Amino acid sequence: PEQLRGELLDARSDLYSLGCIFYEALTGRPPFVGKPEVVARKHLDAIATPPSLLVSGVPPEVDSLVASLLAKDQSQRLGYAADLGDALDRLGATPVTWGGALPEPQPYLYRAPFVGREQLFSQLKGALSGLASGRGGVLLVGGESGVGKTRLVLEGAVVARRKGMAVVTGECRRGDGGGAAQGAPLHPLSTLLEAVVDRYLSRADGETDDELERFVEHHAPVLADYCPAIAALQGVAEQPAPPALPAAAAKLRLFRALTATFADYTRDQPLLLILDDMQWADELTLEFIEHISMLAGVRPVLLVGTFRSEEASERLTALGESPATKTLSVNRMESREVRQMVSGMLAHRDPPE
């Protein structure tokens, strides 16, 4: 069912498939029959007829085991293949002798389920709904290290992709050597600039050739120093260097080139741009975000940045307090939410204290 819903798969998906095979071995038919689209829908929302109602001699314990394997929700399904083996042993299954020794099963944890954060997630989805209508913005998500900021934002990315939006992620990094806290200028935007280049190169129609030609002529020379992929585009090296300008004017020219490039990128679909660890963002990136925050309400770009609240710079704090920026604070989980998370990681409905 989770595969049909477009969700992440794990070992419990294999156990569901094994449950289907077990069901057919018991009854002579799959749990659901009919046209492919009917079967798919039944895998999503129908409960299989208990095997004991189709053939005689199936004990209630086997019905319960099959139902556990075929649970629609992964968290309600039997958790591990070893658990299934133990259950079959208890039911008196005939032991099987293999040709060689099997390795001992290794313990592992499932990906932690997304629990709690209902209000925060609702606000994030609200911002994505605005983006779907053409209204962008800047949204900062702050909290302690390890509190779950990135997970919250990535759950939003899943929603964005389902809505047909482009999703690009970037990362702010510490500077190299010398104890510098910030990375290279505009480095967090490098993945988006590379995505812009990829989009230009992947289209072959005449109109796009004109767009690429305009980009190479007008914006690429300004952006080439910040993105090797742009510098490598055919024709960029032959363009004259941008004329020298005073620092403030040169910065404005750079910001206009970036803004125009992003506008072209979002012409066909809205963009969710995720920047992680913004406590390490360089000054130029923060200035550009301040610049686009004033325009974001009319641009289909939603920039969502995560940051460690205990390491936020004065400039980042000021950005978060700007009227053009929204900020979400992620707090520590409550004990009941931690229990839910641990329960999912262990595939154990009642985890030990």
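These remarks concern the structure in this document. Treat the numbers as computed from the prediction; the structure is a model and nothing was measured.

## What about helix α5 (residues 118-132)?
Stage number 1. Here α5 contains 15 residues, and its C-alpha end-to-end distance of 21 Å stays within 8% of the 21 Å for a straight helix at 1.5 Å per residue.
Stage number 2. By the burial criterion, the buried members of α5 are Leu-120, Phe-121, Leu-124, Leu-128, Gly-130 and Leu-131.
Stage number 3. If you follow the buried residues of α5, they end up packed against β1 (137-143), α6 (149-162), β3 (271-276), β4 (301-308) and β5 (325-330).
Stage number 4. Positive backbone phi, at 95 degrees, marks Gly-134, one or two positions downstream of α5.

## Notes on the sheet that holds strand β2 (residues 166-171)
Stage number 1. With parallel pairing, 5 strands are arranged side by side in an open sheet as β2-β3-β4-β1-β5. The sheet is open, and its two borders are formed by β2 and β5, each paired with just one other strand. Across the sheet, the axes of successive neighbouring strands diverge by a mean angle of 20 degrees, strand direction being ignored.
Stage number 2. As paired elements, β3 and β4 share 5 bridges and run parallel to each other. In the strand pairing of β4, Ile-274 is matched with Val-304.
Stage number 3. α5 contacts β1, β3, β4 and β5 of the sheet and is inclined by roughly 150 degrees relative to β4.

## Here we look at the environment of Ala-82
Stage number 1. With respect to the element layout, Ala-82 can be found in helix α4 (residues 81-90).
Stage number 2. Look at Ala-82 and you get partly exposed, because its relative accessible area is 38%.
Stage number 3. Distance in space between the C-alpha atoms of Ala-82 and Glu-104 is 9.9 Å, their sequence separation being 22 residues.

## Thoughts on the packing of aromatic side chains
Centre distance and the angle of the planes are the two values used to describe a pair of aromatic rings.
Stage number 1. Following the criterion strictly, the structure yields 7 aromatic pairs and no others.
Stage number 2. Between Tyr-80 and Tyr-110 the ring centres are 5.2 Å apart and the planes differ by 40 degrees, which places this aromatic pair in the tilted class. In this pair, Tyr-80 sits in the loop between α3 (60-69) and α4 while Tyr-110 sits in the loop between α4 and α5, placing the two residues 30 residues apart along the sequence. Each member of the pair Tyr-80 and Tyr-110 is classed as buried.
Stage number 3. Their ring planes at 80 degrees and their centres at 5.7 Å tell us that Phe-262 and Phe-288 sit as a pair that is edge-to-face. Taken together, the residues span a long stretch of sequence, with Phe-262 in helix α10 (residues 247-265) and Phe-288 in helix α11 (residues 283-293) at a distance of 26 residues.

## As for the nonpolar core
Stage number 1. Ranked by size, the top nonpolar core spans 45 residues in total, and within it Ile-230, Leu-258 and Met-278 carry the most contacts.
Stage number 2. Those residues in contact with Ile-230 that lie beyond four places of it in its chain are Leu-193, Val-197, Phe-215, Ala-220, Leu-223, Ala-224 and Val-236.
Stage number 3. Counting residues in each nonpolar core, the second largest holds 21 residues, with Leu-120, Val-147, Leu-272 and Val-330 among its members.

## Considerations on the packing of α10 against α11
Stage number 1. Between α10 and α11, the shortest axis-to-axis distance is 11 Å and the interhelical angle comes to 65 degrees. In the crossing of α10 with α11, the sense of the turn from one axis to the other is right-handed. Note on element contacts: α11 touches α10 through Leu-284, Glu-287, Phe-288, His-291 and Ile-292, opposite Lys-251, Leu-254, Phe-255, Leu-258, Thr-259 and Phe-262.

## Description of the packing of helix α1 (residues 11-27) against α3
Stage number 1. Remark: α1 packs on α3, axes separated minimally by 8 Å, with the N-to-C direction vectors making an angle of 145 degrees. On the side of α1, the interface is formed by Leu-15, Tyr-16, Gly-19, Phe-22, Tyr-23 and Leu-26, while α3 contributes Val-62, Leu-65, Val-66 and Leu-69.
Stage number 2. Looking at the contact of α1 with α3 residue by residue, the class counts come to 9 nonpolar, 1 polar and no charged.

## Examining the side chain of Lys-72
Stage number 1. As for its position among the elements, Lys-72 is in the loop between α3 and α4.
Stage number 2. No salt bridge is formed by the buried Lys-72, whose closest oppositely charged neighbour, Asp-45, lies at an N-O distance of 6.6 Å.
Stage number 3. With sequence-adjacent residues up to four places away left out, Lys-72 is seen in contact with Pro-1, Glu-2, Arg-5, Tyr-16, Phe-32, Lys-42, His-43, Leu-44, Asp-45, Ala-46 and Arg-77.

## Concerning the pairing of β1
Stage number 1. A large share of β1 lies buried, amounting to 7 of its 7 residues.
Stage number 2. Burial along β1 is two-sided: Gly-137, Leu-139, Val-141 and Gly-143 and Val-138, Leu-140 and Gly-142, pointing in opposite directions, are all buried.
Stage number 3. The pairing of β1 with β4 spans 7 bridges and is parallel. Bridging from a neighbouring strand, Gly-143 pairs with Arg-308 of β4.
Stage number 4. Sheet topology note: the β1/β5 ladder contains 6 bridges and is parallel. Looking at the pairing, Gly-142 lines up with Ser-329 of β5.

Cut-offs applied
Residues numbered from 1 in each chain as written. Predicted model: local features only at pLDDT ≥ 70, side-chain atom pairs only at ≥ 80, totals over all residues. Heavy atoms only, no water. Helix = DSSP H or I, 4+ residues; strand = E, 2+ residues; numbered from the N terminus. Expected span 1.5 Å × (residues − 1). Buried < 20%, exposed > 50% of the residue type's maximum accessible area, 1.4 Å probe, protein only. Contact = heavy atoms within 4.5 Å. Pairing = 2+ DSSP bridges. Axes fitted to C-alpha atoms, helices over the stretch in contact; angles between N-to-C directions. Phe/Tyr/Trp six-rings, centres within 6.5 Å; stacked < 30°, edge-to-face > 60°. Core = buried A, V, L, I, M, F, W, Y, C linked by side-chain atoms within 4.5 Å. Left-handed = near helix turned anticlockwise from the far one by under 90°. Nonpolar A, V, L, I, M, F, W, Y, C, P; charged D, E, K, R; others polar. Lys, Arg positive; Asp, Glu negative; His and termini not counted. Salt bridge = Lys/Arg side-chain N within 4 Å of Asp/Glu carboxyl O.

Geometry only, nothing functional implied.
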